[in-house]
Amino acid sequence: IIRPHSNPPSHQYEARKRHFNRISGTCRSLRILLVRHAESTNNASHADRLQMETSQDQLAGSGDGVETAAGNSCENSGGLATTTPTGGVSFDVMFASRELDKKVERADDPPLTEKGRGQAKVTGKYLDEIGEVDEIWVSPMLRACQTAEPITKSTGAKVRVMPDLHEIHGAFSRDESGNISVLPGRTCREIEEAHDGFRVQTVYMADPDNAGPDTGYYEGRGFETESGCIRRAEAVASRLAEHAAQARGTCVVVVSHGIFFSKLVTAIIGGHMKAAKHLNCAITRFDMGETGDVMLSYLNNVNHLEPYPELLPRKMGGGLV
């Protein structure tokens, strides 16, 4: 059963929440909450640059919406950018976003902004209020780990750092000429010392048999292509399905990244959606049964941030990295 919803009104969401909490059997073996990381310094720089470029391109009096690369306004899109007929964000928009990244000064492993820390804190409180969170699976990248910290503080859930939840392309740097160098990423020791209670799952590293405290989470891998990202998302989707078969009635929060989530959503629902935009700290919820049944109850939901206008992510320009 696939029921996509983008940003349902708050009263509808509360009613749906009460309904799904009563579901038992195959539709409620494992609840999966995908949470994109909060605003990073790269996102903020990217947003400022995109806003400047789109402002220059828009004609005077063309409307209040922000125009995407495909020319569609997303002012009232409910959090989804330009969409395909299947409900996902246009690949033209994703490509334009990635091209823009090359023009913006980029930190290799950016931290959260002050706004991002506020988003993460509110998200943590919200997840604690809507029900028990049993585990948090988080990307090893700094912005994702910093997002997960207030979530684990609010919910008390244990945190598993999954090295294969990183964003597309992996850990890399780009010089002024655009030349790319692959980086090993933070070491297991650095991650666990920086984030209290976080434990790196070395089994998902490139060479788990030889991974140690001083091994970088991305060590032994190359610059990841889109096809590589798709294969990785399919592997994570399979892992979630295996977990669903063993973990009846549990809830896993997955904290990761925009483009990786678009591939993961596609992998979970079997290719029914080409891509899906995830705003900073937006939540997507699946209920996965032990026999493989999947219910998508909402997508890219930021209702929990609506009481805090200063924390709402920008509909476009948040950056996908």
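Residues numbered from 1 in each chain as written. Predicted model: local features only at pLDDT ≥ 70, side-chain atom pairs only at ≥ 80, totals over all residues. Heavy atoms only, no water.

Trainee: Would you mind going over unusual backbone geometry in detail, with residue names and values included?
Mentor: The residue His169 is not glycine, and still its phi comes out positive at about 85 degrees. Structurally, His169 is set in the loop between β3 (158-161) and β4 (172-174). (Helix = DSSP H or I, 4+ residues; strand = E, 2+ residues; numbered from the N terminus.)

Trainee: Summarise the packing of aromatic side chains; cite the residues concerned and give the values.
Mentor: Tallied over the full model, the rule gives two aromatic pairs. With 5.3 Å between their ring centres and 85 degrees between their planes, Phe172 and Phe223 make a pair best called edge-to-face. Taken together, the residues Phe172 in strand β4 and Phe223 in the loop between β6 (198-200) and α7 (226-246) connect sequence positions 51 residues apart. Residue class for Phe172 comes out buried when judged on its relative accessible area of 4%. Among the residues examined, Phe223 registers a relative accessible area of 35% and is labelled partly exposed. Here the basic side chain of Arg106 rests over the ring of Phe172, its NZ or CZ set 3.9 Å away from the ring centre. (Phe/Tyr/Trp six-rings, centres within 6.5 Å; stacked < 30°, edge-to-face > 60°. Buried < 20%, exposed > 50% of the residue type's maximum accessible area, 1.4 Å probe, protein only. Lys NZ or Arg CZ within 6 Å of the ring centre and 35° of its normal.)

Trainee: Could you give me a rundown of the pairing of strand β2 (residues 135-138), with the residues and numbers involved?
Mentor: Residue alternation in β2 divides its side chains into two sets, Glu135 and Trp137 and Ile136 and Val138, and both sets are buried. The pairing of β2 with β3 spans four bridges and is classified as parallel. Across the sheet, Trp137 pairs through a bridge with Arg160, a residue of β3. What joins β2 to β3 is helix α5 (residues 142-155), and the crossover it makes is right-handed. Summarising the sheet, β2 and strand β7 (residues 250-256) pair through four bridges and their orientation is parallel. (Pairing = 2+ DSSP bridges. Right-handed = clockwise from strand over helix to strand, strands pointing away.)

Trainee: So, the environment of Arg143: which residues are in play, and what are the values?
Mentor: By the element assignment, Arg143 lies in helix α5. Residue Arg143 is classed as buried on the basis of its relative accessible area of 4%. For Arg143 and His37, which are 106 residues apart along the polypeptide, the C-alpha to C-alpha distance reads 6.3 Å.

Trainee: Just give me the short version of the packing of α7 against helix α8 (residues 258-268), but keep the residues and values in it.
Mentor: α8 packs onto α7 with a crossing angle of 55 degrees between their chain directions and a minimal axis gap of 8 Å. Judged by the angle between their axes, α7 and α8 are oblique. Seen from above, α7 lies across α8 with right-handed handedness. Together, Glu226, Cys229, Ile230, Arg232, Ala233, Glu234, Val236, Ala237 and Leu240 of α7 and Phe260, Lys263, Leu264, Ala267 and Ile268 of α8 make up the contact between the two elements. Split into classes, the residues belonging to the contact of α7 with α8 amount to ten nonpolar, no polar and four charged. (Axes fitted to C-alpha atoms, helices over the stretch in contact; angles between N-to-C directions. Parallel < 35°, antiparallel > 145°, perpendicular 65-115°, else oblique. Left-handed = near helix turned anticlockwise from the far one by under 90°. Contact = heavy atoms within 4.5 Å. Nonpolar A, V, L, I, M, F, W, Y, C, P; charged D, E, K, R; others polar.)

Trainee: Provide a residue-level description of the environment of Thr291, including the pertinent values.
Mentor: With respect to the helices and strands, the residue Thr291 is situated in the loop between β8 (283-288) and β9 (294-301). What makes Thr291 exposed here is its relative accessible area of 58%. For the pair Thr291 and Glu242, spaced 49 residues apart in the sequence, the C-alpha separation amounts to 9.6 Å. A polar atom in the side chain of Thr291 sits 3.4 Å from the side chain of Asp293. (Polar contact = N/O pair within 3.5 Å; in protein donor to acceptor, adjacent residues only side chain to side chain.)

Trainee: Report on the sheet that holds β8, specifying residues and quantitative values.
Mentor: One open sheet accounts for seven strands, arranged β6-β3-β2-β7-β1-β8-β9; its pairing is mixed. With one partner strand each, in any of the chains shown, β6 and β9 form the two edges of the open sheet. Shown here is a sheet whose adjacent strand axes are inclined to one another by a mean of 20 degrees, direction ignored. This element, α5, spans β1 (30-36), β2, β3, β6 and β7 of the sheet and lies at about 175 degrees to β2.

Trainee: How would you sum up the environment of Leu34? Please name residues and give values.
Mentor: By secondary structure assignment, the location of Leu34 is in strand β1. It is 8.3 Å that separates the C-alpha atoms of Leu34 and Phe286, two residues lying 252 residues apart in sequence. Once you skip the residues sitting within four places of it in the chain, Leu34 turns out to touch Val254, Phe261, Leu264, Val265, Ala282, Ile283, Thr284 and Phe286.

Trainee: Pulling in residues and values, what's your account of the pattern of salt bridges?
Mentor: Evaluated as defined, the whole model comprises ten salt bridges. Across the salt bridge formed by Arg143 and Asp109, the nearest N and O atoms sit 4.0 Å from each other. In this pair, Arg143 is assigned in helix α5 and Asp109 in the loop between α3 (91-101) and α4 (114-130), connecting sequence segments 34 residues apart. Residues Lys263 and Glu226 are paired through a salt bridge, measuring 2.6 Å at the closest nitrogen-oxygen approach. Taken together, the residues span a long stretch of sequence, with Lys263 in helix α8 and Glu226 in helix α7 at a distance of 37 residues. The class of Lys263 is buried, set by a relative accessible area of 8%. The exposure class assigned to Glu226 is partly exposed, which follows from its relative accessible area of 40%. (Salt bridge = Lys/Arg side-chain N within 4 Å of Asp/Glu carboxyl O.)

The values are spatial; any link to function lies outside them.
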